[in-house]
Amino acid sequence: MTISTHETVLLVTSSTAESLVTAAVLAAVGVLFLLRIHVEFELLHAVASSETSSSQPSKTNCPSCGARTTVDGVCDYCEEPLADDSTATDRTDETGRF
């Protein structure tokens, strides 16, 4: 069996095209894999640093002096008792903004 030069070029071109398609598919799968890892990391980071985390105590403003203090019954600064009703406690982010 004899293969002509024209048939050899077609075989090489076909093989090269298949290799390029394979490389493109593998690259796309790799990019999607890295994107998924990034999204999963961001979700875990958001859950770990949420405002409802037990590491951040609830805070409120003292009705007597206005200082920002933890909600534990007594102001950390002027030692006046804090209001007992739950409406006095406001929810702020970790920067202290409302």
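Data block above holds the structure.
First, a word on what this report is: a plain description of the structure on this page. All values derive from a computational prediction rather than experimental measurement.

The rules behind these values
Residues numbered from 1 in each chain as written. Predicted model: local features only at pLDDT ≥ 70, side-chain atom pairs only at ≥ 80, totals over all residues. Heavy atoms only, no water. Helix = DSSP H or I, 4+ residues; strand = E, 2+ residues; numbered from the N terminus. Buried < 20%, exposed > 50% of the residue type's maximum accessible area, 1.4 Å probe, protein only. Contact = heavy atoms within 4.5 Å. Areas by Shrake-Rupley, 256 points an atom, 1.4 Å probe, with all protein chains shown as cover. Patch = residues over 30% accessible without salt bridge, like charges linked within 9 Å, V, L, I, M, F, W, Y side chains within 5 Å. Salt bridge = Lys/Arg side-chain N within 4 Å of Asp/Glu carboxyl O. Lys, Arg positive; Asp, Glu negative; His and termini not counted. Charge placed at Lys NZ, Arg CZ, Asp CG, Glu CD. Polar contact = N/O pair within 3.5 Å; in protein donor to acceptor, adjacent residues only side chain to side chain.

On to the overall build of the protein. Helices and strands together make up the secondary structure of the protein, namely 1 helix and 2 strands. Going from N to C terminus, the protein has its helices and strands arranged as α-β-β. Scored against the burial criterion, the 98 residues of the protein give a buried share of 9%. Of the contacts made within the protein by residues no fewer than 6 positions apart, 21% connect residues no fewer than 24 positions apart. Roughly 8100 Å² of accessible area belongs to the protein as shown, and the carbon and sulfur atoms make up 63% of that amount.

Attention now goes to a negative patch on the surface. A grouping of D72, D76, E79 and E80 is seen on the molecular surface, where their side chains present a negatively charged patch. Position of D72 relative to the elements: it lies in the segment after strand 2 (68-70).

Among the surface-exposed residues, L32, L35, V39 and L43 lie close enough to one another that they form a single nonpolar patch of about 380 Å² accessible area. As for its position among the elements, L32 is in helix 1 (residues 5-48). The exposure class assigned to L32 is exposed, which follows from its relative accessible area of 56%.

Positive phi outside glycine occurs at E79, with the angle close to 60 degrees. Along the polypeptide, E79 turns up in the segment after strand 2.

Attention now goes to the environment of G73. Along the chain, G73 turns up in the segment after strand 2. Taking the C-alpha atoms as reference points, G73 and A83, 10 residues apart in sequence, are found 7.5 Å from one another. Residues in contact with G73, not counting those within four places in the same chain, are E80, P81 and L82.

Here T70 lies in strand 2. Here D76 takes part through its side chain, which lies 3.3 Å from a polar atom of the side chain of T70. When sequence neighbours within four positions are dropped, the list of residues in contact with T70 reads P57, S58, K59, D76 and L82.

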